[in-house]
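Each chain is listed here by its residues.
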Amino acid sequence: MPHSFGYRARTRHMFKRGFKEHGPVKLSTFLINYSVGDIVDIKANAAQQKGMPHKFYHGRTGIVYNVTLSAVGVIVYKVVGNRYIEKRVNVRVEHVRHSKCRQEFLDRVKANHDAHVAAREKGERVNLKRIPVLPREAHTVSITDNAPQTMRPVPYETTI
């Protein structure tokens, strides 16, 4: 049972760097552009202690509302009791990365647009809605050249 209640208490595994990812922060981290409205994931980088978010926000996704030279402000919604509270967290860019949560949606939008343009040129309609996987078609299993097999459990044997 822990007896310390510090700012980084119980973060031994949470803040550790990944396999073969130790050492200083890569310079490409600072070349990424963030703009207001971007969806970002907060993931604390233990190599840089300055501007590190609280452990609660590690792994959370938020929206950028402010951009400075070396940090970004992120809006994160926190559940407190029976309501959501909007929290504004200022985090350095080392602890933030663009989220991929909308990538599948954006890919689908682009594919739908291309399919719509192609169908428009041919003069036909195309269904762009997602269709759930349907049940398999009904079929009959024949027992010719496929004899039924009786399955029973194998008795436990010790080989000592």
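Numbering of residues starts from 1 in each chain and follows the order in which that chain's sequence is written. For this predicted model, a pLDDT threshold of at least 70 governs which residues receive local features, and a threshold of 80 or more governs which side-chain atom pairs are given and counted, while totals over whole chains, interfaces and linings are taken from all residues. Water and hydrogen atoms were dropped before computing side-chain values, which therefore reflect all heavy atoms in the structure.

*Asks:* Talk me through helix H1 (residues 103-122); I want residue IDs and the actual numbers.
*Replies:* Over its 20 residues, H1 extends 29 Å from the first C-alpha to the last, a length consistent with the 28 Å expected when each residue adds 1.5 Å. Each helix is a run of DSSP H or I of at least 4 residues and each strand a run of E of at least 2, with the numbering of both proceeding from the N terminus. Gly 123 lies just past H1 and shows a positive phi near 80°. Every helix has an expected span of 1.5 Å times one less than the residues it contains.

*Asks:* A description of the side chain of Gln 48 should follow, citing residues and the corresponding values.
*Replies:* Secondary-structure assignment places Gln 48 in the loop between strand S1 (39-42) and strand S2 (61-67). Burial status follows relative accessibility: with a 1.4 Å probe on protein chains alone, a residue under 20% of its type maximum counts as buried, one over 50% as exposed, and anything between as partly exposed. Residue classification places Gln 48 among the buried positions, given a relative accessible area of 18%. At 3.1 Å, the side chain of Gln 48 and the backbone nitrogen of Lys 50 are in polar contact. There is a polar contact of 3.2 Å between the side chain of Gln 48 and the side chain of Glu 94. What Gln 48 contacts, discounting residues up to four positions off in sequence, is Val 25, Arg 92, Glu 94 and His 95. In protein, a polar contact requires one atom able to donate a hydrogen and another able to accept it; more generally it is a pair of N or O atoms within 3.5 Å, and residues adjacent in sequence count only if both atoms are side-chain atoms. Contacts are residue-level and defined by heavy atoms, with any inter-residue pair within 4.5 Å sufficient.

*Asks:* I'd love a proper account of the pairing of S2, names of residues and values included.
*Replies:* Where S1 lies against S2, 3 bridges are found, and the strand directions are antiparallel. For Ile 39, the partnering residue across the bridge sits in S2 and is Ile 63. Connecting the antiparallel pair S2 and strand S3 (residues 71-80) is a turn made up of 3 residues. Criterion used throughout: strands pair if DSSP finds at least two bridges between them.

*Asks:* Could you give an account of the domain arrangement of the protein, naming the residues involved and the relevant values?
*Replies:* The start and end points of each domain follow an automatic or database-based domain assignment. We note that the domain assignment places domain 1 (27-98) and domain 2 (100-130) within the protein. Relative to domain 2, the C-alpha centre of domain 1 lies at a distance of 32 Å.

*Asks:* Describe the sheet that holds S1, with residues and values.
*Replies:* Taking strand neighbours across the sheet as the criterion, the 5 strands line up as S4-S3-S2-S1-S5 in an open arrangement whose pairing is antiparallel. Among the strands making up the open sheet, the edge pair consists of strand S4 (83-92) and strand S5 (96-98). Here the strands of the sheet are splayed against their neighbours by 45° on average, with no regard to which way each runs. Each axis is a line fitted through C-alpha atoms, and for a helix only the stretch in contact is used; angles between axes span 0 to 180 degrees, taken between their N-to-C directions.

*Asks:* Give a description of the environment of His 95 that names residues and reports values.
*Replies:* Positionally, His 95 belongs in the loop between S4 and S5. C-alpha of His 95 to C-alpha of Ala 44: the two residues are 51 residues apart in sequence and 4.5 Å apart in space. When near neighbours in sequence (up to four residues on either side) are disregarded, His 95 contacts Asp 41, Ile 42, Lys 43, Ala 44, Asn 45, Gln 48, Lys 50, Gly 51, Met 52 and Pro 53. A polar contact of 3.2 Å, which involves the side chain of His 95, links it to the backbone oxygen of Gln 48.

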